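Architecture at a glance
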Amino acid sequence: MKTAFHKTVLQLALLSTALAFGTTGAQAEDIKLGFAAPMTGAQAQYGKDMQNGVVLAIEEFNATHPKIGGKEVKFVLLSEDDQADPKTGSVVAQKLVDKGIQGMLGHFNSGTSIPASTVYNRAGIPQIAMATAPEYTRQGFKNTFRMMTSDTQQGSVIGAFAVRKLGAKTIAIVDDRTAYGQGLADEFEKAAKAAGGKIVRREFTNDKAVDFKAVLTNIKRSNPDIIFFGGAEAQSAPMAKQMKELGLKAPLVSGEMSKTDNFIKLAGPAANGTVVSLAGLPLDQMPGGPGYKQRYEKRFGSKVETYSPYAYDGAMAMMKAMVKANSAEPAKYLPVLAKTSMIGVTTRNLAYDARGDLKDGGITVYKVVDGQWTVLESVGGK
């Protein structure tokens, strides 16, 4: 009787273990993916937005019980705060490499992604970043890919739009001297000039400044038709307010880091009339937008912001490449990742060119009307 009892207990224990580890009798192998973005500071909202997209993708992909080499695998995310600082970005990049990541989803800023990319390239780890500065994919690396369209694509659209659709003949430009802000401003300037616009003033500030009255006073003397700013909402919002305070009638034009609800909140009534460009289509026009919106809101209890759909697609592309290559070894799945062609949330054909830029990246131009972002025009991306 005692032996039978112990036998029953042992059988129950084995059954419990089998259920816990799955029917194969082995626990799913962890595959480490790295993530880094500003998670604290003035740009933390961007980092969290991006991280949410990655988290949702990993959770949904894991739910399909993916297998590599005939064994079930589980993707896990190792996250770091790069504080939107280039030096910190390189430090956390090395930290993630040392932890054994097999793929990198990040960084957010161009200024952190570019120096960090050297670390990942040296380790042979594929990197898919939100970075939009042209330099990111022009370093000759084979392992760098984008989640969004580059500043070359975005700047060319908003630059031409400012002249041809907004009727701007004279333009003043301000940038924050970051890789992103200056890069976008440079591309905007090229396109605006090509469309027949005249740059009457080029000024710069930094990504920590909040007082732009001296710069704006200089610009006011030139009486431009529009003022373009390359930088984030932490600077563009107070700039918009100070433009109104100084009596500048020219509207503010900027890039996607100003296309946030927080910009409208911070700028108040001065936000009205602001025009921005944003890579991709509006959420409700994205191929997978409506469904993504429902799943995102259910998972996080908040509405979809700007960057999460692109981060979601980037994460999916990396995980699918590993499964298709039947290997999580960077050298083996990298060629498969480079040949990605898939339907994503943001586009019907997510694919990369030889540099790692998106082949078909759309651009949408928005304007603040009565305190709300409204679509003016969408180009490509379907």
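For clarity, every value in this text was computed on a predicted model and none was experimentally measured. (Residues numbered from 1 in each chain as written. Predicted model: local features only at pLDDT ≥ 70, side-chain atom pairs only at ≥ 80, totals over all residues. Heavy atoms only, no water.)

Attention now goes to the overall build of the protein. For the protein, the count of helices and strands is twelve helices and 15 strands. Taken over C-alpha atoms, the radius of gyration comes to 23 Å for the protein, in line with the 21 Å a tight globule of 382 residues would show. Viewed in the frame of its principal axes, the protein has a C-alpha envelope of about 100 × 40 × 35 Å. Across the 382 residues in the protein, those meeting the buried criterion constitute 53%. Partitioning the contacts of the protein with sequence separation of at least 6, the portion at a separation of at least 24 is 66%. Surface exposure of the protein reaches about 16800 Å², of which carbon and sulfur atoms provide 54%. (Helix = DSSP H or I, 4+ residues; strand = E, 2+ residues; numbered from the N terminus. Rg over C-alpha atoms; globule rule 2.2 N^0.38 Å. Buried < 20%, exposed > 50% of the residue type's maximum accessible area, 1.4 Å probe, protein only. Contact = heavy atoms within 4.5 Å. Areas by Shrake-Rupley, 256 points an atom, 1.4 Å probe, with all protein chains shown as cover.)

Before going further, it helps to spend a moment on the pattern of salt bridges. Per the stated rule, a full pass over the model turns up 18 salt bridges. The residue Glu189 makes a salt bridge to Lys193 at a minimum N-O spacing of 3.0 Å. Taken as a pair, Glu189 and Lys193 lie in helix H6 (residues 179-194) at a separation of four residues, close to a single helical turn. Since its relative accessible area comes to 16%, Glu189 is described here as buried. With a shortest N-O distance of 2.8 Å, Glu203 and Arg201 are connected by a salt bridge. Owing to a relative accessible area of 14%, Glu203 belongs among the buried residues under this scheme. (Salt bridge = Lys/Arg side-chain N within 4 Å of Asp/Glu carboxyl O.)

Across its 13 residues, helix H8 (residues 233-245) extends 18 Å between first and last C-alpha, which sits within 8% of the 18 Å expected from 1.5 Å per residue. Among all positions of H8, only Glu233, Gln235, Ser236, Ala237, Pro238, Met239, Ala240, Gln242 and Met243 are buried. Looking at the buried side of H8, the elements it contacts are helix H2 (44-62), strand E7 (170-175), helix H7 (213-220), strand E9 (226-230), strand E10 (252-254) and helix H9 (261-267). Of the residues trailing H8, Gly247 is marked for its positive phi of about 80°. (Expected span 1.5 Å × (residues − 1).)

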